[in-house]
Amino acid sequence: MIKFEGSLSETCYKFFVKARFKYAIKGWLIVEIFFLCPFLTLALLFDSPEWHIFYICIVAVCSLGLGLLFLLPPLKYNYENVVPKKVVFYEDGHMQAQTKNLKEHRTIDNVKYVVDFGEGYFIYFDWWHKSISFICQKDLVSEDSIEKFEKLFEGRIERVQNKNK
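Predicted model, so just to flag it, every value in this text is computed and none were measured. (Residues numbered from 1 in each chain as written. Predicted model: local features only at pLDDT ≥ 70, side-chain atom pairs only at ≥ 80, totals over all residues. Heavy atoms only, no water.)

A. Layout of a positive patch on the surface. On the surface, Lys18, Lys22, Lys26, Lys112 and Lys130 cluster together into a positively charged patch. For the positive patch, the element with the most residues is helix H1 (residues 10-46), which contributes 3 residues. Here Lys22 lies in helix H1. (Patch = residues over 30% accessible without salt bridge, like charges linked within 9 Å, V, L, I, M, F, W, Y side chains within 5 Å. Areas by Shrake-Rupley, 256 points an atom, 1.4 Å probe, with all protein chains shown as cover. Salt bridge = Lys/Arg side-chain N within 4 Å of Asp/Glu carboxyl O. Lys, Arg positive; Asp, Glu negative; His and termini not counted. Charge placed at Lys NZ, Arg CZ, Asp CG, Glu CD. Helix = DSSP H or I, 4+ residues; strand = E, 2+ residues; numbered from the N terminus.)

What follows is the structure, given as structure tokens:
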């Protein structure tokens, strides 16, 4: 069993906040693509022409809102309830991340890749198992070792230079 336990450093915390922000943007894109575009298409095809401007305005306002989200920095928010306090990797291939109010479970088979950003690791999952709770700060390993962690994800670790330093 490999266990990371404790509070995240400022660098890891910033990485976590940026990752959470990116997930929010992707969520808006999904809403836009899978709801607004079909809505506009159906409205233009089947409704009376006098309503077309109204429908186009709805989609334009939603698109503008999405565009503004891309320009804004991540909001100042107290992430204390959602920042992981403990991440555990079990011998049977299961993983668990524990926040103040939540425990999330995944399996190692669901891991798409792991980003090593210097001070820690952020684990990306396949589409159906997405989670931002699996961030592991290297100096918070309390059971086993970093070497065993890297061996566990051998071939799936991408090393990046952290721009938050």
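Let's pick the thread back up.
B. View of the packing of aromatic side chains. One pass over the full model with this rule turns up 11 aromatic pairs. Residues Phe89 and Phe153 carry aromatic rings whose centres are separated by 5.8 Å and whose planes lie at 80° to one another, so their mutual orientation is edge-to-face. One end of the pair, Phe89, is in strand S2 (residues 86-89); the other, Phe153, is in the loop between helix H3 (146-152) and strand S9 (157-159), and 64 residues separate them in sequence. Here Phe89 matches Phe153 in class, with each residue buried. Where Tyr113 meets Tyr124, the ring centres are 4.8 Å apart and the plane angle is 20°; that geometry is what we call stacked. Placement of Tyr113 in strand S5 (residues 111-116) and of Tyr124 in strand S6 (residues 120-125) is noted, with a sequence separation of 11 residues between them. Through pairs of rings, three or more aromatic residues link up here, namely Phe4, Phe89, Tyr121, Phe149 and Phe153. In this structure, Arg106 packs its charged tip against the face of Phe125, placed 5.9 Å from the ring centre. (Phe/Tyr/Trp six-rings, centres within 6.5 Å; stacked < 30°, edge-to-face > 60°. Buried < 20%, exposed > 50% of the residue type's maximum accessible area, 1.4 Å probe, protein only. Lys NZ or Arg CZ within 6 Å of the ring centre and 35° of its normal.)

C. The arrangement of the pattern of salt bridges in detail. Counted under the stated rule, the structure contains 8 salt bridges. Asp116 is the salt-bridge partner of Arg159, the closest N and O atoms lying 2.5 Å from each other. Residue Arg159 is located in strand S9, and its partner Asp116 is located in strand S5; the two are separated by 43 residues in the primary sequence. We classify Arg159 as exposed; its relative accessible area is 53%. A salt bridge links Arg159 to Glu150, with the shortest nitrogen-to-oxygen separation between them at 3.2 Å. One continuous salt-bridge network, built from bridges that share partners, spans Asp116, Lys138, Glu150 and Arg159.

D. Broad picture of the sheet that holds S9. The strand order across the open sheet formed by 4 strands is S7-S6-S5-S9, and the pairing between neighbours is mixed. Both edges of this open sheet fall to strand S7 (135-137) and S9, since each of them pairs with a single strand only. Direction aside, the axes of adjacent strands within the sheet are offset by 20° on average. In the sheet, S5 pairs with S6 via 5 bridges, with the strands oriented antiparallel. Paired with Val115 across the strands is Phe122, a residue of S6. Docked against the sheet, H1 engages S5, S6 and S7, running at close to 20° with respect to S6. (Pairing = 2+ DSSP bridges. Axes fitted to C-alpha atoms, helices over the stretch in contact; angles between N-to-C directions. Contact = heavy atoms within 4.5 Å.)

E. Empty space enclosed by the protein, seen in detail. A complete count under the given rule lists 1 cavity of 30 Å³ or more for this structure. Taken as a whole, the largest cavity spans an internal volume of roughly 50 Å³. Around the largest cavity sit Phe4, Glu5, Gly6, Leu8, Pro84, Lys85, Lys86, Val87, Ile135, Cys136, Gln137 and Leu140, which together line it. Of all the elements in the fold, those that place two or more residues in the lining of the largest cavity are strand S1 (2-5), S2 and S7. In terms of residues, the lining of the largest cavity owes the most to one element, S7, which gives 3 residues. Considering only residue class, the lining of the largest cavity consists of 7 nonpolar, 2 polar and 3 charged. (1 Å grid on protein atoms, 1.4 Å probe; cavity = no way out; pocket = protein on both sides within 12 Å on 5 of 7 lines; lining within 4 Å. Points joined across faces, edges and corners; volume = space filled by probe spheres on them. Nonpolar A, V, L, I, M, F, W, Y, C, P; charged D, E, K, R; others polar.)

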